[in-house]
Structure formats: structure tokens, C-alpha cells
Amino acid sequence: MAKSQAQQLVVCVDNDGYSVSLEKRKIYVAIRDSGAEKQGLLRVVDESGEDYLYPKTMFRSIALPQSVKKAVLAAA
């Protein structure tokens, strides 16, 4: 994943139909994709380590202290 892509952290609140790819209550890295967002989708790096499009309603954005966010992104 290129560092130049804008990333945000999201938490999965619903994994219906995607239980193999997503875990409820887990923090994921989402990659900004304005085209997908216009269609109600979010590009998320899932359990496979690849980014896929999922319904945006399955996630909530989270705000973490900068030091924590940096550590989470470094570990991703």
C-alpha cells in the first residue's frame, strides 16, 4: 500500500455476509477513494491484507491520539 494514499482508521460494526473478511469491533485501515464513497462504499484493507470495497455502513470512523494512530498505521 502506497504511503501517499490518504488513510483513515475505521472500526467494523457489522460483518454480515463478510465474516471471513471482516471482524466486528476490529480497527481497519481505510484508503480514501472518492469514487467509491460516492457510491456508498469504503475501500478497506481486510483480513487478506488487500484492499476491497465494502458498504460504508459497516464501519465507523474513529479518532485516536496521534501517537496511537501512528503506531496502528505502522503495524498495518
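Structure shown above.
Calculation rules
Residues numbered from 1 in each chain as written. Predicted model: local features only at pLDDT ≥ 70, side-chain atom pairs only at ≥ 80, totals over all residues. Heavy atoms only, no water. Buried < 20%, exposed > 50% of the residue type's maximum accessible area, 1.4 Å probe, protein only. Helix = DSSP H or I, 4+ residues; strand = E, 2+ residues; numbered from the N terminus. Pairing = 2+ DSSP bridges. Core = buried A, V, L, I, M, F, W, Y, C linked by side-chain atoms within 4.5 Å. Contact = heavy atoms within 4.5 Å. Axes fitted to C-alpha atoms, helices over the stretch in contact; angles between N-to-C directions. Salt bridge = Lys/Arg side-chain N within 4 Å of Asp/Glu carboxyl O. Polar contact = N/O pair within 3.5 Å; in protein donor to acceptor, adjacent residues only side chain to side chain.

Participant: Hey, could you run me through the pairing of strand β1 (residues 7–12) in this one?
Facilitator: Along a regular strand, successive side chains alternate from one face of the sheet to the other. Within β1, 5 of the 6 residues are buried, which leaves the element mostly enclosed by the surrounding structure. Sheet topology places β1 next to strand β2 (residues 27–31); 5 bridges connect them, and they run antiparallel. Bridging from a neighbouring strand, V11 pairs with I27 of β2. Bridge count for β1 against strand β5 (residues 59–61) is 3 bridges, and the pairing is antiparallel. Of the residues in β5, the one forming a bridge with V11 is R60.

Participant: I keep staring at the nonpolar core and nothing clicks. Help me out?
Facilitator: The tendency in soluble globular proteins is for nonpolar side chains to be buried as a group. Counting residues in hydrophobic clusters, the biggest one holds 10 residues: V10, C12, L22, Y28, A30, L42, V44, Y54, M58 and F59. The set of elements that each furnish at least two residues to this core consists of β1, β2 and β3 (41–45).

Participant: Would you take a moment to explain the side chain of N15 for this structure?
Facilitator: Turning to its location among the elements, N15 is positioned in the loop between β1 and β2. Not counting residues up to four positions away in its chain, the partners in contact with N15 are L22, E23, K24 and M58.

Participant: Quick question: what am I supposed to make of the sheet that holds strand β4 (residues 51–55) here?
Facilitator: Sheets are built from strands paired through backbone hydrogen bonds, the pairs being either parallel or antiparallel. Reading across from one edge, β4-β3-β2-β1-β5 is the order of the 5 strands in this open sheet, with antiparallel pairing throughout. Lying at the two open borders of the sheet, with one neighbouring strand each, are β4 and β5. Averaged over all pairs of adjacent strands, the angle between their axes in this sheet comes to 45°, without regard to strand direction. Across the sheet, helix α2 (residues 66–75) touches β1 and β2, and the angle it forms with β1 is around 85°.

Participant: Honestly, the pattern of salt bridges in this entry has me stumped. Any pointers?
Facilitator: Any two side chains of opposite charge can pair, on the condition that their charged atoms come close. As enumerated under the stated definition, the model contains 3 salt bridges in all. A salt bridge links R43 to D33, with the nearest nitrogen and oxygen atoms 2.9 Å apart. In this pair, R43 is assigned in strand β3 and D33 in the loop between β2 and α1 (34–38), connecting sequence segments 10 residues apart. The exposure class assigned to R43 is partly exposed, which follows from its relative accessible area of 22%.

Participant: Can you help me understand the side chain of D33 in this one?
Facilitator: Within polar-contact distance, the side chain of D33 engages the backbone nitrogen of A36 at 3.0 Å. For D33, the contacting residues outside a window of four places in its chain are R43 and L53.

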